[in-house]
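Below, each chain spelled out in residue letters.
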Amino acid sequence: MANRGLVRVVIALLTIVGNAGFATLPAATAGSANPTHRGGQRPRAASGCAGANAPARSASPAVLRSAVVCLIDQQRAVHHLPPLHVSALLDRSAQNWTDVMVHTHQFTHGANFASRIGAVGYAWRAAGENIATGYGTPRAVVHAWMASAGHCENILNPAYRDVGTGVNPHPVRGFATGAGTWTQDFALRVNQSPPSRNFAPAHGCPY
């Protein structure tokens, strides 16, 4: 059976002196997650994201990236959080790292994922990252992330405004056998304020 390849998520916070007025969630290690909300009722997002079931092995990266963003924005909408904006810079960061993991057979965030975000020219105030391998469609990977507390917390973090997505049709060898490796980078620019301060949905993870 394939190792489904969900590992820890990272949330990094750069404090701006005199302007650190928002909370952050701790870094988390994803273990086995119960996909049912603690209250017993799992909130459901509406359907309708084009490409949600598109196969990572054959669909275009643009379709796959768009579907992942649509699906996470649906999750944010269910929990009354604002949608994220696609950043070309974060797309570049996430895609580069996805390809690195596949080509080097290493499933990791690296020594400092936030330095990768800075290297593409994104000046960040807060940043987080989800990775996964062995998930064949956008729906499958978002479902897995939402069922894992730390990954779900990144998706529902109210401090983020921007998102970038990377996808490679191949798994990271040694960690999964099914198609699809994914990276999603979340961030808030250094000169921006959080769009929301409602951390309650994130604290309710996983869903």
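Above this text sits the structure in question.
Numbering of residues begins from 1 in every chain and follows the order in which that chain's sequence is written. Only residues with pLDDT of at least 70 are given local features in this predicted model, and only at 80 or more are side-chain atom pairs given and counted; all residues enter the totals for whole chains, interfaces and linings. Based on all heavy atoms of the structure, the side-chain values leave hydrogens and waters out of the count.

Engineer: Quick question: what am I supposed to make of unusual backbone geometry here?
Structural biologist: For residues other than glycine, phi is negative in most cases, and the peptide bonds are mostly trans. Put simply, C205 and P206 share a cis peptide bond, and its omega is 0°. The secondary structure listing takes helices from DSSP runs of H or I that are at least 4 residues long and strands from runs of E that are at least 2 residues long, numbered from the N terminus. Relative to the helices and strands, P206 resides in the segment after α6 (200–203). Phi at H80 is positive, roughly 60°, even though this residue is not glycine. Within the secondary structure, H80 sits in the loop between α1 (61–78) and β2 (85–86). Between buried and exposed lies partly exposed: a residue is buried under 20% and exposed over 50% of the maximum accessible area for its type, with that area taken using a 1.4 Å probe on protein chains only. Look at H80 and you get exposed, because its relative accessible area is 70%. Notably, H105 is not glycine yet its phi reads approximately 60°, a positive angle.

Engineer: Looking at this structure, I do not really get the pairing of strand β3 (residues 124–133). What am I missing?
Structural biologist: Within β3, 10 of the 10 residues are buried, leaving the element largely enclosed by the surrounding structure. Two strands pair under a simple rule: DSSP has to find at least two bridges between them. In this sheet, strand β5 (residues 181–189) lies alongside β3 in antiparallel orientation, the contact comprising 9 bridges. By the bridge assignment, I131 is partnered in β5 with T183.

Engineer: I keep staring at the nonpolar core and nothing clicks. Help me out?
Structural biologist: Here is a general trend for soluble globular proteins: nonpolar side chains tend to be buried in one another's company. Membership of the largest hydrophobic core comes to 31 residues, with the highest contact counts inside it found for V141, L156 and W182. Listing elements by their share of this core, those giving two or more residues are α1, β3, α4 (138–146), α5 (149–155), β4 (162–168) and β5. In this structure, L156 is in contact with Q75, R76, H79, L81, M146, P201, A202, C205 and Y207, ignoring residues within four places of it in sequence. Working definition of a nonpolar core: buried Ala, Val, Leu, Ile, Met, Phe, Trp, Tyr and Cys residues. They are joined through side-chain atoms within 4.5 Å. L89, I117, V120 and A187 belong to the second-largest nonpolar core, a separate cluster that totals 10 residues. Whether two residues are in contact is decided by their heavy atoms: any pair within 4.5 Å suffices.

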